[in-house]
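# Observations on the three-dimensional arrangement
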Amino acid sequence: MKKIGPIPLEQLVKDDVNRVIQHASIIISLTPEGPMIFANPKPTLNVLAVIGPGIGTPFKRFFERALLLEVGIGVGRPYHEAKSSIEKTSSGKPKSIPKRRKWFRLTEQQYIQVASWIFPCLQEITNQKVANWKCNHESPFFIPTSRHYFSRHQKTLFIEEGYKSWPRGTRFAVSLEDRFLLSDIYWAEKHNPDLRRRLKGLAKFIDLRLNFSGAKKTKSRPRKEFRELKRFVQVAGILEKRNLPVRHIVDLLDFLPLKNGRSRSLYYYEISHLLGYTGEEFREEKFVHQALANPSQRLNGIKLRITTGLSCRDHIVFEISTNLPVGEEMPLPAPVPK
């Protein structure tokens, strides 16, 4: 037997498999007959785990059963040490569940096979959790919100204040090393219809506001720099409040309307400069482009947003929205001109 330290390699791999079988909330096992899913009746580790045949470790060994993937559920983090919510030590403190080793990864074929099980499972976890909340899909939580729109006729920027239901969901975490799943998550957020609608609306508003000056041309009036104009200052203030993540900047710029056969908007470079975008491809965009073929089939309409993106952490956090019917939105009062 190969050893890493005092413990044989085979034993370390077996220990990780046994830990998730004993403690994980959901276990998906890859078998010759296909994936099989199990729910732990008394989970103490908030993860969804996938086990199956794996090749990994520095020795490039094959194992018939290894830990291939973990997805954190709620506060759970993949492969991290955790504290049991049930089991106690002799001193009465929560028992520690050791971290699991990230020695193995799903092959492309394994991922395609299991992804169609993972995403529906995460959606079902979300729906069950949300349905049990006091402020659930039938009695949503309302947050104060404001919407800006510009009236050419009145030459005024309006702010519409009111309350809208906040989409309820559950958060999950995925390791940066699980690239197939990571790419699908970034692809799903980029193609989230609600996010795309908001970004398209913001791009349309920016174009409308910047195209309308409302000022009469006179020879005596000194010409201002474009970035000093009132319309640009208003747009800059709104974008500053939005504080868009860098991965959304590319989409916003692409959604700016084109005119007269132009390949880019008239204000593309002004908005790029304002947002600090210099044209480079972000890591998040690379993940989107690296997604395997037919991601929409694997995701099956799931709506998610990334809440904690790439950083010094070894994982990202994303939130899946419930697909249960949402309550009616509260009516908005009359808009206020700015």
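See the structure above.
One structure accompanies this document, and this report is about it.

What counts, and where the lines are drawn
- Residues numbered from 1 in each chain as written.
- Predicted model: local features only at pLDDT ≥ 70, side-chain atom pairs only at ≥ 80, totals over all residues.
- Heavy atoms only, no water.
- Salt bridge = Lys/Arg side-chain N within 4 Å of Asp/Glu carboxyl O.
- Helix = DSSP H or I, 4+ residues; strand = E, 2+ residues; numbered from the N terminus.
- Buried < 20%, exposed > 50% of the residue type's maximum accessible area, 1.4 Å probe, protein only.
- Arc of directions from axis to C-beta.
- Contact = heavy atoms within 4.5 Å.
- 1 Å grid on protein atoms, 1.4 Å probe; cavity = no way out; pocket = protein on both sides within 12 Å on 5 of 7 lines; lining within 4 Å.
- Points joined across faces, edges and corners; volume = space filled by probe spheres on them.
- Nonpolar A, V, L, I, M, F, W, Y, C, P; charged D, E, K, R; others polar.
- Phe/Tyr/Trp six-rings, centres within 6.5 Å; stacked < 30°, edge-to-face > 60°.
- Pairing = 2+ DSSP bridges.
- Expected span 1.5 Å × (residues − 1).
- Bend = angle between axes of the 7 residues up to and from the residue.
- Polar contact = N/O pair within 3.5 Å; in protein donor to acceptor, adjacent residues only side chain to side chain.

Before going further, it helps to examine the pattern of salt bridges. Counted according to the given criterion, the structure contains 16 salt bridges. Across the pair Glu177 and Arg105 runs a salt bridge, and its minimum N-O distance is 2.6 Å. Taken together, the positions of Glu177 in the loop between strand E11 (169–175) and helix H3 (179–190) and Arg105 in the loop between strand E8 (94–97) and helix H2 (108–131) put the pair 72 residues apart, joining distant regions of the chain. Accessibility expressed as a relative area gives 44% for Arg105, which makes it partly exposed. One salt bridge in this structure joins Arg298 and Asp184, with 2.7 Å as the shortest N-O distance. Highlighted residues: Arg298 in helix H9 (residues 295–299) and Asp184 in helix H3, separated in sequence by 114 residues.

Within helix H7 (residues 268–275), burial applies to Tyr268, Ile271 and Ser272. Taken down its axis, H7 places every buried residue within 105° of arc, on the same side. Every exposed residue of H7 that faces more than 90 degrees away from the buried side is listed here: Tyr269 and His273. For H7, the secondary structure elements touched by its buried residues are helix H4 (193–211), helix H5 (230–242) and helix H6 (246–255). In the segment just after H7, Gly276 is the residue with positive phi, at about 75°.

Take empty space enclosed by the protein next. Inspection of the entire model under this criterion finds one cavity of 30 Å³ or more. Counted as a void, the largest cavity has a volume near 70 Å³. Forming the boundary of the largest cavity are Tyr186, Glu189, Lys190, Leu195, Arg247, His248, Asp251, Glu284, Glu285 and Val288. For the lining of the largest cavity, the per-class residue count stands at three nonpolar, one polar and six charged.

Looking now at the packing of aromatic side chains. For any pair of aromatic rings, geometry is given as the distance between the ring centres together with the angle between the planes. Summed over the entire model, instances satisfying the criterion amount to six aromatic pairs. Taken together, a centroid distance of 5.6 Å and an interplanar angle of 85° make the contact between Phe63 and Phe104 edge-to-face. Taken together, the positions of Phe63 in strand E6 (residues 61–73) and Phe104 in the loop between E8 and H2 put the pair 41 residues apart, joining distant regions of the chain. Each member of the pair Phe63 and Phe104 is classed as buried.

By the criterion of burial, strand E3 (residues 24–31) is predominantly enclosed, with eight of the eight residues buried. Taken together, the five bridges between E3 and strand E5 (residues 45–56) define a ladder with parallel strand orientation. Residue pairing in the sheet places Ser29 in a bridge with Ile51 of E5. Both E3 and strand E4 (residues 34–39) contribute to a ladder of six bridges, which runs antiparallel. Each residue of the ladder has a partner; that of Ile28, found in E4, is Ile37. The antiparallel hairpin formed by E3 and E4 contains two residues in its connecting segment.

Moving on: H2. End to end, H2 covers 34 Å across 24 residues, agreeing with the expected 34 Å (1.5 Å per residue, within 8%). Its axis deflected by about 40° at Val114, H2 carries its strongest bend there.

Another aspect to go through is the side chain of Arg100. Along the chain, the position of Arg100 falls in the loop between E8 and H2. Overall, the relative accessible area of 3% leaves Arg100 in the buried class. There is a polar contact of 2.9 Å between the side chain of Arg100 and the side chain of Glu70. Among the polar contacts made by the side chain of Arg100, one reaches the main-chain carbonyl oxygen of Pro98 at a distance of 2.8 Å.

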